[in-house]
Amino acid sequence: MWNVLHKGYSGTFAVWLLLVAVLGGCSAMGPAQPTHGFGGSDYPHLSMSQTDYGKDESRYWIFEPDRPRPEKAPVVVFTHGWLTKTPFRYQAWVWHLVRQGNIVIYPRFHKDITTSTRTFADHASEAILQALFRLRTEPFRVRPDLDRVAFVGHSAGGNLAISLAAEAVERKLPTPRAVMCVQPGR
């Protein structure tokens, strides 16, 4: 460092040091959540119910809006990222979707790294069909609005969301009106 200062670079070094001091203490922050409109915090539902069924790569969760509990709601099929097998890491995202009035189905399509990626769509499809059956037939459930379905996936789940949407008819899944892939994996 002395050589840099000694050779006449003290002005450049001082500017660099000032930038590090000023910017080093700053943390990047996105915009605040709006209160109204898409993504807003004016949630029409105060809470949600959560149930889970099955085990291993056949496990799935159903999240339903509550307080007030609607009779019918749109469905979001949320496919998780690689090895993110439980909805815990997506809790804020799922909470937001459900409190906005959507049913969220979260299929767990693999048990661990030994589960073949070729079986992901089969496991997810079966879980989605079971969840929809429960929602349509069990008492005290919010009924799924199958005309308003979206597939949302993160990482490996992004790829899976695309596959499920493309094969929805063959797999007897509802045809999604929207597909959203966040950071789709390889």
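Scroll up to find the structure this text is about.
Model, not experiment: these values are computed from the prediction.

Chemist: Would you explain the sheet that holds strand β3 (residues 72-79) in this entry?
Modeler: If you trace the 6 strands from one edge of the open sheet to the other, you get β1-β2-β4-β3-β5-β6, paired in mixed fashion. Strand pairing shows two members of the sheet lacking a second neighbour, β1 (47-53) and β6 (178-182), which therefore form its edges. Taken over all neighbouring pairs, the strand axes of this sheet differ in orientation by 20° on average, direction set aside. By the bridge criterion, 8 bridges tie β3 to strand β5 (residues 143-154) in an arrangement that is parallel. Residue pairing for β5: K72 is matched across the bridge by R143. Contacting β1, β2 (60-66), β3, β4 (103-107) and β5, helix α3 (residues 120-137) runs over the sheet at an angle of about 150° to β5.

Chemist: I would appreciate a short explanation of the pattern of salt bridges in the present structure.
Modeler: Close approach of charged atoms allows side chains of opposite charge to pair. All told, the structure shown has 9 salt bridges when counted by the stated rule. Between D122 and R171 there is a salt bridge, with its nearest N and O atoms 3.0 Å apart. Taken together, the positions of D122 in helix α3 and R171 in the loop between α4 (156-166) and β6 put the pair 49 residues apart, joining distant regions of the chain. The salt bridge partner of R141 is E138, with a shortest N-O separation of 3.0 Å. According to the relative accessible area criterion, E138 is partly exposed, its value standing at 22%. Three or more residues are tied together by salt bridges with common partners; here these are E64, D66, R69, R134, E138 and R141.

Chemist: Explain α4 here, please?
Modeler: Among the residues making up α4, those that are buried are A156, G157, G158, L160, A161 and L164. The elements touched by buried residues of α4 are β3, α3, β5 and β6.

Quick notes on the rules
Residues numbered from 1 in each chain as written. Predicted model: local features only at pLDDT ≥ 70, side-chain atom pairs only at ≥ 80, totals over all residues. Heavy atoms only, no water. Pairing = 2+ DSSP bridges. Helix = DSSP H or I, 4+ residues; strand = E, 2+ residues; numbered from the N terminus. Axes fitted to C-alpha atoms, helices over the stretch in contact; angles between N-to-C directions. Contact = heavy atoms within 4.5 Å. Salt bridge = Lys/Arg side-chain N within 4 Å of Asp/Glu carboxyl O. Buried < 20%, exposed > 50% of the residue type's maximum accessible area, 1.4 Å probe, protein only.

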